[in-house]
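# Structural features, examined
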Amino acid sequence: MNPDFREKVLQVLASVAETDEVRTNLELPLYECQLLDSIKTVELMIGIEEEFGLKISPAEFERENWETPGKIIADLERRMQVNA
């Protein structure tokens, strides 16, 4: 896991979720804690596209893969490798 990539993802996520707790707890259940909902998920997709140039369409999105900050990082790393 690239530490710079991880930190940038967490920075975008913290901005969208409006809490730094996502940086310290990679197992935080984002939807259960209501830190992410459908609108904030779209905001996160836009932030990821702006930061990394990685476009994620809602059709490609699977909520299970974005349940926690750690899962988001893993999913984005996988997508970056596929698009490399």
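Quick note: structure is the one above.
These remarks concern the structure in this document. (Residues numbered from 1 in each chain as written. Predicted model: local features only at pLDDT ≥ 70, side-chain atom pairs only at ≥ 80, totals over all residues. Heavy atoms only, no water.)

### What to know about the overall build of the protein chain
Keep this limit in mind: By the criteria applied, helices consist of DSSP H or I runs no shorter than four residues and strands consist of E runs no shorter than two, each listed in order from the N terminus. A radius of gyration in this sense is built from C-alpha atoms; the matching globule rule multiplies 2.2 Å by the number of residues raised to 0.38. Here the term buried applies to any residue with accessible area under 20% of the maximum for its type, exposed to any over 50%, and partly exposed to those in between, with areas from a 1.4 Å probe on protein chains only. Contacts were defined at the residue level, with two residues in contact if any of their heavy atoms lie within 4.5 Å. For the area figures, the Shrake-Rupley method with a 1.4 Å probe applies, and any residue is considered shielded solely by the protein chains shown.
Counting its secondary structure elements, the protein chain contains 4 helices and 0 strands. Starting at the N terminus, the α and β elements of the protein chain follow one another as α-α-α-α. In terms of C-alpha radius of gyration, the protein chain reaches 11 Å, essentially the compact-globule figure of 12 Å for 84 residues. By its C-alpha atoms, the protein chain is 35 × 30 × 20 Å across when sized along the principal axes. The buried share among the 84 residues of the protein chain stands at 40%. Taking the intrachain contacts of the protein chain between residues at least 6 apart in sequence as the baseline, contacts between residues at least 24 apart amount to 54%. Only carbon and sulfur atoms are counted for the fraction: they give 47% of the accessible area of the protein chain, which is about 5200 Å².

### Examining the packing of helix α1 (residues 3-17) against helix α4 (residues 69-83)
Any two packed helices are characterised by the angle at which their axes cross and by the distance between the axes. Worth spelling out the cut-off: For helices, the fitted line uses only the C-alpha atoms of the stretch in contact; every axis is such a line through C-alpha atoms, and the angle between N-to-C directions lies from 0 to 180 degrees. By the definition adopted for this analysis, an angle is roughly parallel if under 35 degrees, roughly antiparallel if over 145, roughly perpendicular if from 65 to 115, and oblique otherwise. Handedness of each helix crossing follows the sense of rotation of the near helix against the far helix: counterclockwise by less than a right angle gives left-handed, clockwise gives right-handed.
Contact geometry for α1 and α4: axes closest at 10 Å, N-to-C directions at 125°. With respect to each other, α1 and α4 are oriented oblique. Remark: the crossing between α1 and α4 carries right-handed chirality. Packed against α1, whose contacting residues are Phe5, Arg6, Val9, Leu10 and Leu13, the element α4 presents Pro69, Ile72, Ile73, Leu76, Glu77 and Met80 at the interface.

### Side note on α4
How we decide: To estimate the expected span of a helix, subtract one from its residue number and multiply by 1.5 Å.
In this model, α4 (15 residues) spans 21 Å end to end at C-alpha, consistent with the 21 Å of a helix rising 1.5 Å per residue. Of all the positions in α4, only Pro69, Gly70, Ile72, Ile73, Asp75, Leu76 and Arg79 are classed as buried. Residues of α4 that are buried in the fold lie against α1, α2 (21-24) and α3 (38-52).

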